[in-house]
Amino acid sequence: MTYQDTVNWMFNQLPMYQNQGKTAYKANLDNTLQLIEHLHHPENNFKSIHVAGTNGKGSTSHMLASILQEAGYKVGLYTSPHLKDFRERIKINGKEVSEAFVVDFIQKHKAFFETHSLSFFEMTVGMAFDYFSKEKVDIAVVEVGMGGRLDSTNVITSEVSVITNIGLDHTQFLGNTLGAIAFEKGGIIKSNVPVVIGETQPETEAIFIEIAKERHANIQFADQQEVEKDYQSDLKGDYQIKNRKTVLSTIEVLQQRGFEISEESLVEGFKNVIKNTGLHGRWEVLQEQPKVICDTGHNKEGLQYAMAQLAKEQYEHLHMVFGVVNDKDVSTILPLLPKVATYYFCKPNIPRGFDANDLKNIFISNGFFGESYNSVEQALSAAKQHATKLDVIYVGGSTFVVAEII
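Residues numbered from 1 in each chain as written. Predicted model: local features only at pLDDT ≥ 70, side-chain atom pairs only at ≥ 80, totals over all residues. Heavy atoms only, no water.

**A few points about the nonpolar core**
Judged by nonpolar contacts, the single largest core of 36 residues is most densely connected at Phe86, Phe113, Met127 and Phe132. Of all the secondary structure elements, the ones that give two or more residues to this core are α1 (3-13), α3 (30-38), β3 (90-92), α5 (99-115), α6 (120-134) and β5 (139-143). Discounting chain neighbours no more than four positions away, the residues touching Met127 are Met10, Phe86, Ile90, Phe101, Val102, Phe105 and Ile106. (Core = buried A, V, L, I, M, F, W, Y, C linked by side-chain atoms within 4.5 Å. Buried < 20%, exposed > 50% of the residue type's maximum accessible area, 1.4 Å probe, protein only. Helix = DSSP H or I, 4+ residues; strand = E, 2+ residues; numbered from the N terminus. Contact = heavy atoms within 4.5 Å.)

**Some points on the sheet that holds strand β2 (residues 75-78)**
Strands belonging to one sheet form pairs held by backbone hydrogen bonds; the direction of such a pair is parallel or antiparallel. With mixed pairing, 8 strands are arranged side by side in an open sheet as β4-β3-β2-β5-β1-β6-β7-β8. A strand with exactly one partner marks an edge of an open sheet, and here the two such strands are β4 (95-96) and β8 (219-221). Against the sheet, helix α9 (residues 205-214) touches β6 (160-163), β7 (195-197) and β8, its axis set at about 160° to β8. Running over the sheet, helix α10 (residues 240-256) touches β1 (47-52), β5, β6, β7 and β8 and is turned about 170° from β6. (Pairing = 2+ DSSP bridges. Axes fitted to C-alpha atoms, helices over the stretch in contact; angles between N-to-C directions.)

**Comments concerning the pairing of β5**
Among the 5 residues in β5, 5 count as buried, and that is most of the element. As paired strands, β1 and β5 are joined by 5 bridges and run parallel to one another. Paired with Lys47 across the strands is Ile139, a residue of β5. Direction of pairing for β2 relative to β5: parallel, over a ladder of 4 bridges. Across the sheet, the residue bridging to Leu77 is Val141, located in β5.

**Side note on the environment of Glu114**
Mapped onto the elements, Glu114 comes out in helix α5. Taking relative accessible area as the criterion, Glu114 reaches 47% and is therefore assigned partly exposed. Residues Glu114 and Lys291, spaced 177 residues apart in sequence, show a C-alpha to C-alpha distance of 48 Å.

**Here's the deal with the packing of aromatic side chains**
Under the defined criterion, the tally for this structure stands at 21 aromatic pairs. Aromatic pair Tyr231 and Phe270: ring centres 5.2 Å apart, planes at 35°, arrangement tilted. Residue Tyr231 is located in the loop between β8 and α10, and its partner Phe270 is located in helix α11 (residues 263-271); the two are separated by 39 residues in the primary sequence. Neither residue differs from the other here; Tyr231 and Phe270 are each classed as buried. Aromatic side chains Phe322 and Tyr343 sit 6.4 Å apart centroid to centroid with 75° between the ring planes, which places their arrangement in the edge-to-face category. Pair noted here: Phe322 is in strand β11 (residues 318-322) and Tyr343 is in strand β12 (residues 342-345), with a separation of 21 residues, a long-range link. The aromatic ring of Tyr3 is capped on one face by Arg87, whose charged end is 5.7 Å from the ring centroid. (Phe/Tyr/Trp six-rings, centres within 6.5 Å; stacked < 30°, edge-to-face > 60°. Lys NZ or Arg CZ within 6 Å of the ring centre and 35° of its normal.)

Structural data, given as structure tokens:
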């Protein structure tokens with residue numbers, strides 16, 4: 001099989017949350033445990049950092065990887081979802097896994113995957129851990145896919161566990177209260193492994209403290225630490241301030257555990273996240289005059305941060321290219337979005353994309369103004385046609401909307 005054939009097989013033969021949503025969710029680790037045994041436990045051959053959280057876990061993971069790279073370590077980075085190409089999920093020092101490795105790994109283990117009906121995500125986790133092991137990385141930053149306790153990544157014992165924050169996302173899997181979701185994400189806290197919590201929240205603080213106590217894990221809340229210096233980063237957006245604090249607390253734990261990370265590595269690591277890791281879609285300015293900004297914020301908290309940032313922009317008129325997936329409760333995000341704007345509704349090109357006309361009708365009935373389009377590209381093109389040089393165009397609502405225009 002070619003690389004494209006292989007990736008198509010992975011996408012089509014097996015449940016993939018990115019495309020299908022709930023039916024792709026496995027509520028146990030049985031498959032993953034069988035898989036890592038089949039692969040001779042690659043996860044035991046490298047050190048790791050495990051990163052969970054409703055928002056900010058992607059940015060936090062990439063910042064950590066960037067800083068560790070600047071410190072001279074060979075750093076694996078496992079994240080999801082991808083924007084353009086599957087290989088974005090698995091990187092070493094910012095370089096994507098080769099097409100040849102992907103093809104060989106799937107061919108070699110295909111019979112096992114089919115026999116055990118492995119999900120797309122389970123296979124991908126196995127591939128990442130196998131790759132990091134074979135390439136002998138010094139440390140891997142491993143981002144949780146969803147939740148934590150039952151996530152396929154939760155077979156590692158890391159140097160430090162990181163939970164950025166808790167918000168109401170993926171409630172159909174993780175529970176519909178912040179406490180229930182905190183319990184799921186707190187599942188990555190391991191016995192005697194320190195944990196860093198990014199944000200102190202009244203509904204979740206006691207839950208994390210209790211889990212950490214049970215597991216004899218040293219716990220600290222990053223937002224309660226005094227930070228003497230605010231580092232400049234190429235990841236723009238005020239919401240990154242919280243993520244930077246989380247990263248600093250995590251780096252401190254790593255230093256205590258023997259990792260050599262200098263002040264210069266911190267400065268350069270924060271400054272060169274995009275260059276070092278290839279991260280895109282976080283308050284990214286795609287062009288000027290008119291200014292086009294995209295952001296992958298897609299749940300209530302993520303959009304709250306993005307809209308607060310958007311409110312600081314200077315413009316004559318605002319154009320919103322907007323689309324969501326069909327498991328999103330649109331009513332929770334409507335109050336966050338600006339009404340003094342023209343909307344260009346679109347459906348991300350995946351099976352669980354929310355119909356653009358249906359989205360338009362919900363918005364119009366709530367006092368918004370706009371038109372629906374057949375694709376994200378058409379919506380952005382229309383926005384550019386209508387915008388003057390002094391306007392701002394915002395593209396977002398879903399990671400998959402952003403993926404189509406980057």
